[in-house]
Amino acid sequence: MQLTTSIRSALIAGAAATVLFTGATGAVAAPAAPSAAPASATTHSPYGQLRPLAALSAERLATGDLVAAAKWGTGGPVDDPAREQEVLRAVAEQARQLGADPAVTVRFFRDQIEANKVVQRGLHRAWDADPGRAPTERPDLGQVRKEINRINHELVQALADSPQARSAPYCAPLLTAAAVRVRHERHLDALHTGALARSLRSVCA
């Protein structure tokens, strides 16, 4: 909880500054931005191990916009227990194959799933309030899920590659720094900023 609060506070402070200086009011994720870490932060450094988790989590959250659009106007619920269990089984099996901890992986992906639903519900509320902002086309949910599966695969690998960084006492500040940088690069609005904090809640041991 303390980690989530620190990440959320840092991210929301940055998001608030963005809104103040740009006047942004829409609840839409920005297109993906280059996610290369600074030259000094190699993939072998603690920061370099944690940054992909923040970057990929933000990329996964962007699919929440597409899922929300696919479900919009269908009367279907945001929650999809069958799909969620399918995802959790798949990532647990991948973790076992990589020699990673399946329980840690499942816990992390529960946060990913809940964060994605934060985005979907937030967008549906915004579209209910202002139908003129609602999507006019419905994405193919099957294709969106293929993209989510790709990102999931990369996230499991990133988890498997970062046990030392995630268990270190300095994990929280480094993860917060990575998340703030990702928020800045992707120009996340308040909705996606809050969801990113939610998605990273269980990264640090």
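Computed from a predicted model, the values in this text were never measured in an experiment.

A. The state of the cysteines, seen in detail. In this structure the tally under the stated criterion is one disulfide. Here C171 engages in a disulfide with C204; their sulfurs sit 1.9 Å apart. One disulfide, between C171 and C204, carries an S-S torsion of -80 degrees and so falls in the left-handed class. Taken as a pair, C171 in helix 7 (residues 171–186) and C204 in the segment after helix 8 (190–199) lie far apart in primary sequence, 33 residues in all.

B. Up close: helix 8. With nine of 10 residues buried, helix 8 is to be regarded as a mostly interior element. By the N-cap criterion, in which a side-chain oxygen at the helix start approaches the backbone nitrogen of a residue two or three places on, helix 8 is capped by D189, the distance to L191 being 3.3 Å.

C. Spatial organisation of the packing of aromatic side chains. Evaluation of the coordinates by the stated rule reveals two aromatic pairs. Where W72 meets W127, the ring centres are 5.4 Å apart and the plane angle is 75 degrees; that geometry is what we call edge-to-face. With W72 in the loop between helix 2 (46–71) and helix 3 (81–98) and W127 in helix 4 (residues 102–129), this pair connects stretches of sequence that are 55 residues apart. Classification of W127 by relative accessible area gives buried; the value is 8%. Measuring from centroid to centroid gives 5.4 Å for F108 and F109, while their planes differ by 90 degrees, and the two rings are edge-to-face. For F109, a relative accessible area of 0% puts it in the buried group.

D. View of the environment of E147. Within the element layout of this structure, E147 appears in helix 5 (residues 141–160). Overall, the relative accessible area of 32% leaves E147 in the partly exposed class.

E. Layout of the pattern of salt bridges. One pass over the full model with this rule turns up 14 salt bridges. E154 serves as the salt-bridge partner of R150, at 2.7 Å between the closest nitrogen and oxygen. Remark: E154 and R150 occur in helix 5; sequence separation between them is four residues, near one turn of the helix. R150 gets classed as partly exposed once you look at its relative accessible area, which sits at 31%.

F. The side chain of Q120, seen in detail. Tracing the backbone through its elements, the reader meets Q120 in helix 4. Given a relative accessible area of 4%, Q120 falls into the buried group. If we skip the residues at most four places from it in the chain, Q120 touches G64, V67, A68, K71 and V78.

G. Structural context of the confidence of the model for the protein. Residue-level pLDDT values for the protein average 86, and 79% of them are 70 or greater. Overall, residues 14–40 carries pLDDT values under 50, and its contacts beyond four positions in sequence, including any with other chains, amount to 39 contacts.

H. Quick peek at the packing of helix 3 against helix 5. Axis separation between helix 3 and helix 5 bottoms out at 10 Å; the angle between their running directions is 35 degrees. With respect to the hand of their crossing, helix 3 and helix 5 are arranged in right-handed fashion. Contacts between helix 3 and helix 5 pair R83, V87, V91, Q94, A95 and L98 from the former with R145, I148, N149, N152, H153, V156, Q157 and A160 from the latter. Class assignment for the residues of the contact of helix 3 with helix 5 results in seven nonpolar, five polar and two charged.

I. Structural context of the packing of helix 2 against helix 7. The contact between helix 2 and helix 7 brings their axes to 8 Å, and the two run at 45 degrees. With respect to each other, helix 2 and helix 7 are oriented oblique. In terms of crossing hand, the pair formed by helix 2 and helix 7 is right-handed. From helix 2, P46, Y47, L50, R51, A54, A55, A58, E59 and A62 reach across to helix 7, where they touch C171, L174, L175, A177, A178, A179, R181, V182, E185 and R186. Tallied by class, the residues present in the contact of helix 2 with helix 7 amount to 14 nonpolar, no polar and five charged.

J. Looking closely at the environment of S45. Relative to the helices and strands, S45 resides in the loop between helix 1 (2–22) and helix 2. Under the relative-accessibility criterion, S45 is labelled buried at 17%. Polar side-chain contacts of S45 include one of 2.9 Å to the backbone nitrogen of G48.

Definitions and cut-offs
Residues numbered from 1 in each chain as written. Predicted model: local features only at pLDDT ≥ 70, side-chain atom pairs only at ≥ 80, totals over all residues. Heavy atoms only, no water. Disulfide = S-S within 2.5 Å. Helix = DSSP H or I, 4+ residues; strand = E, 2+ residues; numbered from the N terminus. Buried < 20%, exposed > 50% of the residue type's maximum accessible area, 1.4 Å probe, protein only. Polar contact = N/O pair within 3.5 Å; in protein donor to acceptor, adjacent residues only side chain to side chain. Phe/Tyr/Trp six-rings, centres within 6.5 Å; stacked < 30°, edge-to-face > 60°. Salt bridge = Lys/Arg side-chain N within 4 Å of Asp/Glu carboxyl O. Contact = heavy atoms within 4.5 Å. pLDDT = per-residue confidence, 0-100. Axes fitted to C-alpha atoms, helices over the stretch in contact; angles between N-to-C directions. Left-handed = near helix turned anticlockwise from the far one by under 90°. Nonpolar A, V, L, I, M, F, W, Y, C, P; charged D, E, K, R; others polar. Parallel < 35°, antiparallel > 145°, perpendicular 65-115°, else oblique.

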